[in-house]
Amino acid sequence: MVGIQAARVSSVAQEAIDRCRVLAELSEEPGFTTRTFLSEPMRRVHARLRDWMVQAGMSVSTDNAGNLRGCYAADSEPARRLWIGSHLDTVPRAGAFDGVLGVVLGVALVELLAGRRMAFHIEVIGFSEEEGVRFGVPFIGSRALVGDADAELLARQDPAGTSIREAIAGFGLDPSRISERQLGKDALGYLEFHIEQGPLLEILNLPLGVVEAIAGQSRLELTFKGQANHAGTTPMALRRDALTGASEWIGAVERDACAVTGLVATVGRAEVSPGAGNVIAGTVRASLDVRHSDDVVRHAAVTRLLQCAEQIATRRGLTVSWERRLDQSAVAMDEDTTRILDRAVANAGFPVHRMISGAGHDAMIVARSMPAAMLFLRSPGGVSHHPDETVLAADVAAALNSGMRFLEELETRRV
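Quick look at the structure, then.

What counts as what
Residues numbered from 1 in each chain as written. Predicted model: local features only at pLDDT ≥ 70, side-chain atom pairs only at ≥ 80, totals over all residues. Heavy atoms only, no water. Helix = DSSP H or I, 4+ residues; strand = E, 2+ residues; numbered from the N terminus. Expected span 1.5 Å × (residues − 1). Contact = heavy atoms within 4.5 Å. Phe/Tyr/Trp six-rings, centres within 6.5 Å; stacked < 30°, edge-to-face > 60°. Buried < 20%, exposed > 50% of the residue type's maximum accessible area, 1.4 Å probe, protein only. Lys NZ or Arg CZ within 6 Å of the ring centre and 35° of its normal. 1 Å grid on protein atoms, 1.4 Å probe; cavity = no way out; pocket = protein on both sides within 12 Å on 5 of 7 lines; lining within 4 Å. Points joined across faces, edges and corners; volume = space filled by probe spheres on them. Nonpolar A, V, L, I, M, F, W, Y, C, P; charged D, E, K, R; others polar. Salt bridge = Lys/Arg side-chain N within 4 Å of Asp/Glu carboxyl O. Pairing = 2+ DSSP bridges. Core = buried A, V, L, I, M, F, W, Y, C linked by side-chain atoms within 4.5 Å.

## With respect to helix 3 (residues 100-113)
Okay, step 1: With 14 residues, helix 3 should cover 20 Å at 1.5 Å per step; its first-to-last C-alpha distance of 21 Å lies within 8% of that length.
Okay, step 2: Remark: Ala-114 follows helix 3 within two positions and exhibits a positive phi of approximately 50°.

This is the structure:
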(Lines give C-alpha, C1' and ligand atoms only; values in the text may rest on other atoms or scores of the structure.)
Protein backbone atom coordinates (compact mmCIF):
# COMPACT_ATOMS: atom_id res chain seq x y z
CA MET A 1 0.00 0.00 0.00
CA VAL A 2 2.84 2.40 0.79
CA GLY A 3 4.01 2.03 -2.80
CA ILE A 4 0.99 3.83 -4.27
CA GLN A 5 2.16 5.97 -7.17
CA ALA A 6 2.57 9.66 -6.46
CA ALA A 7 0.55 10.49 -9.55
CA ARG A 8 -2.39 8.50 -8.20
CA VAL A 9 -2.25 10.27 -4.83
CA SER A 10 -2.01 13.67 -6.52
CA SER A 11 -5.02 12.85 -8.68
CA VAL A 12 -7.10 11.77 -5.69
CA ALA A 13 -5.98 14.88 -3.77
CA GLN A 14 -7.15 17.18 -6.54
CA GLU A 15 -10.43 15.27 -6.78
CA ALA A 16 -10.93 15.74 -3.02
CA ILE A 17 -10.48 19.50 -3.43
CA ASP A 18 -12.92 19.54 -6.33
CA ARG A 19 -15.47 17.59 -4.29
CA CYS A 20 -15.24 20.06 -1.41
CA ARG A 21 -15.94 22.89 -3.83
CA VAL A 22 -18.95 21.02 -5.23
CA LEU A 23 -20.35 20.56 -1.72
CA ALA A 24 -19.72 24.24 -0.96
CA GLU A 25 -22.37 25.10 -3.57
CA LEU A 26 -25.02 23.23 -1.57
CA SER A 27 -26.07 26.10 0.66
CA GLU A 28 -28.95 27.88 2.32
CA GLU A 29 -27.68 31.17 0.88
CA PRO A 30 -27.10 31.61 -2.88
CA GLY A 31 -23.59 32.73 -3.67
CA PHE A 32 -22.23 31.74 -0.27
CA THR A 33 -21.67 28.56 1.74
CA THR A 34 -24.07 28.49 4.68
CA ARG A 35 -25.25 25.09 5.90
CA THR A 36 -26.65 24.57 9.38
CA PHE A 37 -27.88 21.52 11.26
CA LEU A 38 -30.15 19.35 9.10
CA SER A 39 -31.10 22.22 6.82
CA GLU A 40 -32.46 21.31 3.40
CA PRO A 41 -29.07 21.59 1.63
CA MET A 42 -27.75 18.90 3.99
CA ARG A 43 -29.93 16.36 2.16
CA ARG A 44 -28.07 17.14 -1.06
CA VAL A 45 -24.70 16.96 0.71
CA HIS A 46 -25.65 13.52 2.00
CA ALA A 47 -26.72 12.41 -1.46
CA ARG A 48 -23.41 13.46 -3.03
CA LEU A 49 -21.29 11.90 -0.31
CA ARG A 50 -23.40 8.76 -0.37
CA ASP A 51 -22.66 8.32 -4.07
CA TRP A 52 -18.92 8.76 -3.52
CA MET A 53 -18.93 6.37 -0.57
CA VAL A 54 -20.80 3.68 -2.50
CA GLN A 55 -18.40 4.06 -5.43
CA ALA A 56 -15.52 3.47 -2.99
CA GLY A 57 -17.08 0.19 -1.84
CA MET A 58 -18.69 1.38 1.38
CA SER A 59 -22.08 0.59 2.88
CA VAL A 60 -23.83 3.87 3.76
CA SER A 61 -26.45 4.91 6.28
CA THR A 62 -27.68 7.93 8.22
CA ASP A 63 -28.14 7.63 11.97
CA ASN A 64 -30.92 9.33 13.90
CA ALA A 65 -28.76 12.34 14.79
CA GLY A 66 -28.31 13.03 11.09
CA ASN A 67 -24.71 11.78 10.93
CA LEU A 68 -23.82 10.27 7.55
CA ARG A 69 -21.86 7.04 7.99
CA GLY A 70 -19.99 5.01 5.40
CA CYS A 71 -18.42 1.71 6.44
CA TYR A 72 -15.63 -0.05 4.55
CA ALA A 73 -15.65 -3.57 5.94
CA ALA A 74 -12.59 -5.35 7.34
CA ASP A 75 -11.09 -8.39 5.70
CA SER A 76 -12.76 -10.65 8.25
CA GLU A 77 -14.99 -10.69 11.32
CA PRO A 78 -14.84 -10.02 14.20
CA ALA A 79 -12.95 -6.78 13.71
CA ARG A 80 -12.49 -3.48 15.45
CA ARG A 81 -13.45 -0.14 13.92
CA LEU A 82 -11.36 2.90 12.98
CA TRP A 83 -13.43 6.07 12.71
CA ILE A 84 -12.41 8.86 10.34
CA GLY A 85 -14.54 11.98 10.28
CA SER A 86 -15.37 15.61 10.73
CA HIS A 87 -18.45 17.82 10.34
CA LEU A 88 -20.66 18.75 7.39
CA ASP A 89 -22.26 21.94 8.74
CA THR A 90 -20.73 25.39 8.33
CA VAL A 91 -20.72 28.84 9.83
CA PRO A 92 -22.58 31.52 7.84
CA ARG A 93 -20.75 32.44 4.62
CA ALA A 94 -18.04 29.88 5.21
CA GLY A 95 -15.22 28.49 3.12
CA ALA A 96 -15.27 25.22 1.24
CA PHE A 97 -12.94 23.13 3.42
CA ASP A 98 -13.57 23.59 7.15
CA GLY A 99 -14.99 20.29 8.38
CA VAL A 100 -16.06 18.76 5.12
CA LEU A 101 -12.47 18.18 3.93
CA GLY A 102 -12.00 15.70 6.79
CA VAL A 103 -14.95 13.65 5.58
CA VAL A 104 -13.93 13.80 1.92
CA LEU A 105 -10.37 12.72 2.80
CA GLY A 106 -11.76 9.73 4.70
CA VAL A 107 -13.54 8.63 1.53
CA ALA A 108 -10.38 9.35 -0.49
CA LEU A 109 -8.31 7.05 1.73
CA VAL A 110 -10.76 4.23 1.11
CA GLU A 111 -10.52 4.91 -2.62
CA LEU A 112 -6.73 4.69 -2.42
CA LEU A 113 -7.05 1.25 -0.84
CA ALA A 114 -8.46 0.19 -4.23
CA GLY A 115 -10.34 -2.78 -2.84
CA ARG A 116 -7.74 -3.90 -0.31
CA ARG A 117 -9.33 -4.72 3.04
CA MET A 118 -7.68 -3.93 6.35
CA ALA A 119 -7.77 -5.89 9.59
CA PHE A 120 -10.25 -3.34 10.92
CA HIS A 121 -13.42 -1.70 9.63
CA ILE A 122 -13.04 1.90 8.46
CA GLU A 123 -16.10 4.01 9.24
CA VAL A 124 -16.14 7.48 7.73
CA ILE A 125 -18.57 9.75 9.55
CA GLY A 126 -19.87 13.15 8.49
CA PHE A 127 -21.16 14.74 11.68
CA SER A 128 -24.43 16.61 11.27
CA GLU A 129 -23.40 19.57 13.43
CA GLU A 130 -20.28 20.98 15.07
CA GLU A 131 -20.37 24.76 14.67
CA GLY A 132 -23.22 25.60 17.08
CA VAL A 133 -24.79 28.09 14.65
CA ARG A 134 -28.45 27.09 14.52
CA PHE A 135 -29.06 26.13 18.16
CA GLY A 136 -26.29 27.99 19.96
CA VAL A 137 -24.70 24.73 21.12
CA PRO A 138 -21.97 22.89 19.19
CA PHE A 139 -21.09 19.22 18.61
CA ILE A 140 -24.62 17.83 18.28
CA GLY A 141 -23.47 15.08 15.90
CA SER A 142 -20.44 13.88 17.84
CA ARG A 143 -22.27 14.17 21.16
CA ALA A 144 -24.91 11.82 19.80
CA LEU A 145 -22.23 9.33 18.73
CA VAL A 146 -20.72 9.14 22.21
CA GLY A 147 -24.09 8.97 23.99
CA ASP A 148 -24.28 12.55 25.22
CA ALA A 149 -27.42 13.70 23.37
CA ASP A 150 -29.69 14.00 26.38
CA ALA A 151 -33.24 15.37 26.67
CA GLU A 152 -31.97 18.83 27.60
CA LEU A 153 -29.91 19.01 24.40
CA LEU A 154 -32.79 17.79 22.23
CA ALA A 155 -35.11 20.41 23.73
CA ARG A 156 -32.92 23.37 22.73
CA GLN A 157 -34.58 25.68 20.22
CA ASP A 158 -33.37 27.76 17.30
CA PRO A 159 -34.49 31.39 16.86
CA ALA A 160 -37.59 30.20 14.98
CA GLY A 161 -38.68 28.10 17.97
CA THR A 162 -37.84 24.73 16.39
CA SER A 163 -36.22 22.26 18.80
CA ILE A 164 -33.37 19.93 17.92
CA ARG A 165 -35.81 17.07 18.41
CA GLU A 166 -38.22 18.64 15.91
CA ALA A 167 -35.43 19.36 13.42
CA ILE A 168 -34.38 15.70 13.52
CA ALA A 169 -37.95 14.55 12.95
CA GLY A 170 -38.35 17.08 10.14
CA PHE A 171 -35.35 15.51 8.41
CA GLY A 172 -37.20 12.19 8.41
CA LEU A 173 -35.30 10.69 11.34
CA ASP A 174 -36.45 9.41 14.74
CA PRO A 175 -35.04 11.39 17.69
CA SER A 176 -36.28 8.75 20.14
CA ARG A 177 -33.81 6.27 18.61
CA ILE A 178 -30.63 8.35 18.73
CA SER A 179 -29.00 6.03 21.26
CA GLU A 180 -29.38 2.94 19.07
CA ARG A 181 -26.28 3.67 17.00
CA GLN A 182 -23.96 5.33 19.45
CA LEU A 183 -20.35 4.25 19.76
CA GLY A 184 -19.81 0.54 20.32
CA LYS A 185 -17.16 -1.45 22.16
CA ASP A 186 -15.37 -2.26 18.90
CA ALA A 187 -13.90 1.25 18.57
CA LEU A 188 -10.20 1.16 17.69
CA GLY A 189 -9.67 4.89 17.42
CA TYR A 190 -10.59 8.10 15.65
CA LEU A 191 -8.65 10.18 13.12
CA GLU A 192 -9.69 13.66 12.01
CA PHE A 193 -8.15 15.62 9.17
CA HIS A 194 -8.81 19.36 9.36
CA ILE A 195 -7.45 22.60 8.02
CA GLU A 196 -5.47 24.46 10.68
CA GLN A 197 -7.69 27.57 10.52
CA GLY A 198 -4.70 29.65 11.55
CA PRO A 199 -1.33 30.92 10.25
CA LEU A 200 1.25 28.89 12.19
CA LEU A 201 1.93 26.12 9.65
CA GLU A 202 2.26 28.68 6.87
CA ILE A 203 4.68 30.74 8.96
CA LEU A 204 6.75 27.58 9.53
CA ASN A 205 6.40 26.57 5.86
CA LEU A 206 5.03 23.16 6.84
CA PRO A 207 2.24 21.24 5.07
CA LEU A 208 1.02 19.33 8.13
CA GLY A 209 0.76 19.60 11.89
CA VAL A 210 0.08 16.85 14.42
CA VAL A 211 -2.36 18.05 17.07
CA GLU A 212 -1.46 17.06 20.60
CA ALA A 213 -4.25 18.91 22.44
CA ILE A 214 -7.33 21.03 21.80
CA ALA A 215 -7.78 24.18 23.86
CA GLY A 216 -10.66 24.40 26.28
CA GLN A 217 -13.46 26.86 25.57
CA SER A 218 -15.80 29.01 27.61
CA ARG A 219 -18.72 30.67 25.82
CA LEU A 220 -21.02 33.10 27.59
CA GLU A 221 -23.61 35.73 26.79
CA LEU A 222 -23.59 38.92 28.85
CA THR A 223 -26.48 41.38 29.07
CA PHE A 224 -25.77 45.00 30.00
CA LYS A 225 -28.91 46.97 30.95
CA GLY A 226 -29.21 50.69 31.37
CA GLN A 227 -31.94 53.15 30.37
CA ALA A 228 -32.97 53.96 26.82
CA ASN A 229 -33.64 57.67 26.39
CA HIS A 230 -33.60 60.54 23.92
CA ALA A 231 -30.13 61.18 22.50
CA GLY A 232 -30.69 64.92 22.16
CA THR A 233 -32.29 65.80 25.48
CA THR A 234 -30.51 63.58 28.00
CA PRO A 235 -27.38 65.22 29.48
CA MET A 236 -24.21 63.16 29.32
CA ALA A 237 -23.85 63.07 33.11
CA LEU A 238 -27.33 61.59 33.54
CA ARG A 239 -27.04 58.80 30.99
CA ARG A 240 -27.12 55.09 31.73
CA ASP A 241 -25.82 54.00 28.33
CA ALA A 242 -25.57 50.22 28.01
CA LEU A 243 -23.54 50.47 24.83
CA THR A 244 -20.75 52.62 26.25
CA GLY A 245 -20.53 50.25 29.22
CA ALA A 246 -20.37 47.21 26.98
CA SER A 247 -17.80 48.94 24.77
CA GLU A 248 -15.55 49.72 27.73
CA TRP A 249 -15.76 46.08 28.78
CA ILE A 250 -14.99 44.83 25.25
CA GLY A 251 -11.79 46.83 25.28
CA ALA A 252 -10.91 45.34 28.66
CA VAL A 253 -11.43 41.83 27.24
CA GLU A 254 -8.84 42.49 24.56
CA ARG A 255 -6.31 43.95 27.01
CA ASP A 256 -6.69 41.04 29.41
CA ALA A 257 -6.16 38.42 26.71
CA CYS A 258 -3.09 40.21 25.36
CA ALA A 259 -1.51 40.09 28.81
CA VAL A 260 -1.69 36.27 29.21
CA THR A 261 0.43 33.96 27.06
CA GLY A 262 -1.69 31.60 24.99
CA LEU A 263 -5.01 33.14 26.03
CA VAL A 264 -7.50 34.26 23.39
CA ALA A 265 -10.73 36.08 24.22
CA THR A 266 -13.26 37.37 21.72
CA VAL A 267 -16.47 39.37 21.72
CA GLY A 268 -17.78 38.42 18.30
CA ARG A 269 -21.40 39.47 18.53
CA ALA A 270 -23.29 42.38 20.10
CA GLU A 271 -26.99 43.16 19.86
CA VAL A 272 -28.02 46.72 20.71
CA SER A 273 -31.55 47.71 21.69
CA PRO A 274 -33.47 49.82 20.72
CA GLY A 275 -30.85 50.18 18.00
CA ALA A 276 -31.81 53.67 16.73
CA GLY A 277 -29.29 56.39 15.96
CA ASN A 278 -31.07 58.99 18.08
CA VAL A 279 -31.75 56.77 21.12
CA ILE A 280 -29.36 55.93 23.96
CA ALA A 281 -28.87 52.15 24.08
CA GLY A 282 -30.88 50.57 26.87
CA THR A 283 -29.71 46.98 26.47
CA VAL A 284 -26.67 45.29 24.93
CA ARG A 285 -26.27 41.54 24.64
CA ALA A 286 -22.69 40.49 23.91
CA SER A 287 -21.00 37.15 23.40
CA LEU A 288 -17.76 36.12 25.11
CA ASP A 289 -15.49 33.35 23.85
CA VAL A 290 -12.42 32.47 25.97
CA ARG A 291 -9.89 29.73 25.09
CA HIS A 292 -6.67 28.31 26.49
CA SER A 293 -4.99 24.91 26.58
CA ASP A 294 -4.83 25.11 30.40
CA ASP A 295 -8.30 25.04 31.97
CA VAL A 296 -7.09 26.75 35.16
CA VAL A 297 -5.84 29.74 33.15
CA ARG A 298 -9.07 29.84 31.13
CA HIS A 299 -11.36 29.72 34.15
CA ALA A 300 -9.34 32.42 35.90
CA ALA A 301 -9.66 34.64 32.84
CA VAL A 302 -13.44 34.17 32.71
CA THR A 303 -13.69 35.09 36.40
CA ARG A 304 -11.63 38.25 35.86
CA LEU A 305 -13.67 39.32 32.85
CA LEU A 306 -16.99 38.83 34.63
CA GLN A 307 -15.73 40.78 37.63
CA CYS A 308 -14.59 43.51 35.26
CA ALA A 309 -18.07 43.64 33.69
CA GLU A 310 -19.65 44.01 37.13
CA GLN A 311 -17.28 46.83 38.10
CA ILE A 312 -17.93 48.73 34.87
CA ALA A 313 -21.70 48.26 35.21
CA THR A 314 -21.73 49.45 38.82
CA ARG A 315 -19.67 52.54 38.04
CA ARG A 316 -21.93 53.47 35.11
CA GLY A 317 -25.26 52.79 36.84
CA LEU A 318 -25.94 49.68 34.78
CA THR A 319 -26.73 46.10 35.61
CA VAL A 320 -25.05 43.11 34.02
CA SER A 321 -25.99 39.45 33.99
CA TRP A 322 -24.64 36.47 32.13
CA GLU A 323 -25.46 32.97 30.96
CA ARG A 324 -22.91 30.25 30.32
CA ARG A 325 -23.43 28.64 26.92
CA LEU A 326 -20.47 26.26 26.92
CA ASP A 327 -17.71 25.16 29.27
CA GLN A 328 -15.62 22.69 27.29
CA SER A 329 -12.49 21.38 28.98
CA ALA A 330 -9.19 21.22 27.14
CA VAL A 331 -8.68 17.78 25.65
CA ALA A 332 -5.39 15.99 25.02
CA MET A 333 -5.23 13.68 22.04
CA ASP A 334 -4.33 10.07 22.80
CA GLU A 335 -0.55 9.95 23.08
CA ASP A 336 -0.12 6.43 21.67
CA THR A 337 -2.32 7.13 18.64
CA THR A 338 -0.62 10.50 18.15
CA ARG A 339 2.80 8.81 18.14
CA ILE A 340 1.52 6.48 15.43
CA LEU A 341 0.45 9.55 13.47
CA ASP A 342 3.88 11.12 14.06
CA ARG A 343 5.54 8.06 12.53
CA ALA A 344 3.10 8.04 9.63
CA VAL A 345 3.89 11.67 8.79
CA ALA A 346 7.64 11.05 9.07
CA ASN A 347 7.47 7.89 6.94
CA ALA A 348 5.56 9.84 4.32
CA GLY A 349 8.58 12.14 4.11
CA PHE A 350 7.32 15.23 5.96
CA PRO A 351 8.55 17.05 9.09
CA VAL A 352 6.65 16.21 12.27
CA HIS A 353 5.40 19.32 14.05
CA ARG A 354 3.29 19.00 17.22
CA MET A 355 0.83 21.82 17.94
CA ILE A 356 -2.16 22.93 20.00
CA SER A 357 -5.52 23.56 18.33
CA GLY A 358 -7.11 26.81 19.42
CA ALA A 359 -10.32 25.86 17.65
CA GLY A 360 -12.72 23.21 18.89
CA HIS A 361 -13.26 20.03 16.89
CA ASP A 362 -15.34 16.88 17.02
CA ALA A 363 -12.17 15.06 18.09
CA MET A 364 -12.45 16.67 21.54
CA ILE A 365 -15.86 15.06 22.02
CA VAL A 366 -14.95 11.69 20.55
CA ALA A 367 -11.75 11.56 22.65
CA ARG A 368 -13.91 10.98 25.73
CA SER A 369 -14.78 7.51 24.45
CA MET A 370 -11.89 6.27 22.30
CA PRO A 371 -8.29 7.10 21.37
CA ALA A 372 -8.29 10.13 19.06
CA ALA A 373 -5.72 11.87 16.87
CA MET A 374 -5.84 14.91 14.58
CA LEU A 375 -3.82 16.00 11.57
CA PHE A 376 -3.87 19.64 10.49
CA LEU A 377 -3.33 20.86 6.95
CA ARG A 378 -1.85 24.28 6.27
CA SER A 379 -4.37 27.12 5.79
CA PRO A 380 -2.93 29.53 3.17
CA GLY A 381 -3.09 33.03 4.56
CA GLY A 382 -4.36 31.63 7.85
CA VAL A 383 -7.88 32.18 6.52
CA SER A 384 -10.86 30.15 7.71
CA HIS A 385 -14.59 30.65 8.29
CA HIS A 386 -14.48 32.85 5.18
CA PRO A 387 -15.11 32.33 1.45
CA ASP A 388 -11.38 32.85 0.75
CA GLU A 389 -10.50 29.74 2.77
CA THR A 390 -8.45 27.32 0.65
CA VAL A 391 -5.92 24.48 0.70
CA LEU A 392 -2.89 23.53 -1.39
CA ALA A 393 -3.13 20.41 -3.54
CA ALA A 394 0.36 19.34 -2.42
CA ASP A 395 -0.71 19.57 1.24
CA VAL A 396 -3.81 17.46 0.60
CA ALA A 397 -1.60 14.88 -1.10
CA ALA A 398 0.73 14.99 1.93
CA ALA A 399 -2.22 14.35 4.23
CA LEU A 400 -3.36 11.39 2.11
CA ASN A 401 0.15 9.92 2.03
CA SER A 402 0.36 10.28 5.79
CA GLY A 403 -3.11 8.82 6.21
CA MET A 404 -2.24 5.72 4.21
CA ARG A 405 0.82 5.13 6.35
CA PHE A 406 -1.28 5.71 9.46
CA LEU A 407 -3.57 2.86 8.35
CA GLU A 408 -0.61 0.53 7.95
CA GLU A 409 0.99 1.60 11.23
CA LEU A 410 -2.30 1.11 13.04
CA GLU A 411 -2.83 -2.32 11.53
CA THR A 412 0.66 -3.40 12.59
CA ARG A 413 0.52 -2.05 16.14
CA ARG A 414 -3.10 -2.25 17.25
CA VAL A 415 -4.80 -5.19 15.59
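Picking up where we left off.
## Things to note about the environment of Trp-322
Okay, step 1: Of note, Trp-322 is situated in strand 13 (residues 319-328).
Okay, step 2: Put simply, Trp-322 and Phe-224 are 98 residues apart on the chain and 8.9 Å apart in space, counted from C-alpha to C-alpha.
Okay, step 3: Beyond its immediate chain neighbours, meaning those up to four positions away, Trp-322 contacts Leu-220, Glu-221, Leu-222, Leu-306 and Glu-310.

## Observations regarding the packing of aromatic side chains
Okay, step 1: As enumerated under the stated definition, the model contains 3 aromatic pairs in all.
Okay, step 2: Measuring from ring centre to ring centre gives 6.5 Å for Phe-127 and Tyr-190, while their planes differ by 45°; the resulting arrangement is tilted. Of this pair, Phe-127 sits in strand 4 (residues 121-127) while Tyr-190 is found in strand 5 (residues 187-195), placing the two residues 63 residues apart along the sequence. Tyr-190 matches Phe-127 in its accessibility class, with the two residues each being buried.
Okay, step 3: Look at Phe-224 and Trp-249: their rings are 5.7 Å apart centre to centre, the planes differ by 50°, and that puts the pair in the tilted class. Of this pair, Phe-224 sits in strand 7 (residues 216-225) while Trp-249 is found in helix 8 (residues 242-258), placing the two residues 25 residues apart along the sequence. By the burial criterion, Phe-224 is buried, and Trp-249 matches it.
Okay, step 4: When the ring centre of Phe-171 is taken as origin, the NZ or CZ atom of Arg-43, which lies over that ring, is 4.3 Å away.

## Considerations on empty space enclosed by the protein
Okay, step 1: Tallying each qualifying case throughout the model produces 2 cavities of 30 Å³ or more.
Okay, step 2: The calculated volume of the largest cavity comes to roughly 40 Å³.
Okay, step 3: Looking at the lining of the largest cavity, its residues break down into 4 nonpolar, 3 polar and 3 charged.
Okay, step 4: Here the second largest cavity defines a volume of roughly 30 Å³.
Okay, step 5: Partitioned by chemical class, the residues of the lining of the second largest cavity number 4 nonpolar, 3 polar and 2 charged.

## Things to note about the pattern of salt bridges
Okay, step 1: Tallied over the entire structure, the rule returns 33 salt bridges.
Okay, step 2: A salt bridge links Asp-342 to Arg-354, with the shortest nitrogen-to-oxygen separation between them at 2.7 Å. Taken as a pair, Asp-342 in helix 10 (residues 335-347) and Arg-354 in strand 15 (residues 354-357) lie far apart in primary sequence, 12 residues in all.
Okay, step 3: With a relative accessible area of 24%, Arg-354 lands in the partly exposed category.
Okay, step 4: Residue Glu-409 is joined to Arg-413 by a salt bridge in which the shortest nitrogen-to-oxygen separation is 2.8 Å.

## Description of the pairing of strand 1 (residues 59-62)
Okay, step 1: Two strands pair when backbone bridges link them, and strand 1 and strand 2 (residues 68-72) are joined in this way by 4 bridges, in the antiparallel orientation. By the bridge assignment, Thr-62 is partnered in strand 2 with Leu-68.

## Let's talk about the nonpolar core
The tendency in soluble globular proteins is for nonpolar side chains to be buried as a group.
Okay, step 1: Membership of the largest hydrophobic core comes to 77 residues, with the highest contact counts inside it found for Leu-49, Leu-105, Ile-122, Ile-164, Phe-193, Val-396 and Leu-400.
Okay, step 2: Among the elements that take part in this core, helix 3 stands out by supplying 11 residues, more than any other.
Okay, step 3: Apart from residues no more than four positions distant in its own chain, Phe-193 is found in contact with Ile-84, Ser-86, Gly-102, Leu-105, Leu-109, Leu-375, Leu-377, Ala-399 and Gly-403.
Okay, step 4: Listed in part, the 25 residues of the second largest apolar core include Leu-222, Phe-224, Ala-309 and Leu-318.

## Some words on unusual backbone geometry
Okay, step 1: In this structure, the amide linkage connecting Glu-77 to the following residue, Pro-78, adopts the cis form with an omega of -5°.
Okay, step 2: Counting through the fold element by element, Pro-78 comes out in the loop between strand 2 and strand 3 (81-87).
Okay, step 3: Cis geometry is adopted by the peptide bond preceding Pro-274, which originates at Ser-273 and carries an omega value of 10°.
Okay, step 4: Counting through the fold element by element, Pro-274 comes out in the loop between strand 10 (270-273) and strand 11 (279-280).
Okay, step 5: Despite not being glycine, Ala-114 has its phi angle at roughly 50°, a positive value.
Okay, step 6: Among the secondary structure elements, Ala-114 is positioned in the loop between helix 3 and strand 4.
Okay, step 7: For Ala-114, a relative accessible area of 68% gives the class exposed.
Okay, step 8: In this model, His-385 sits at a positive phi of 55°, which is unusual for a non-glycine residue.
Okay, step 9: When you line up the elements, His-385 lands in the loop between strand 16 (372-377) and helix 12 (393-414).

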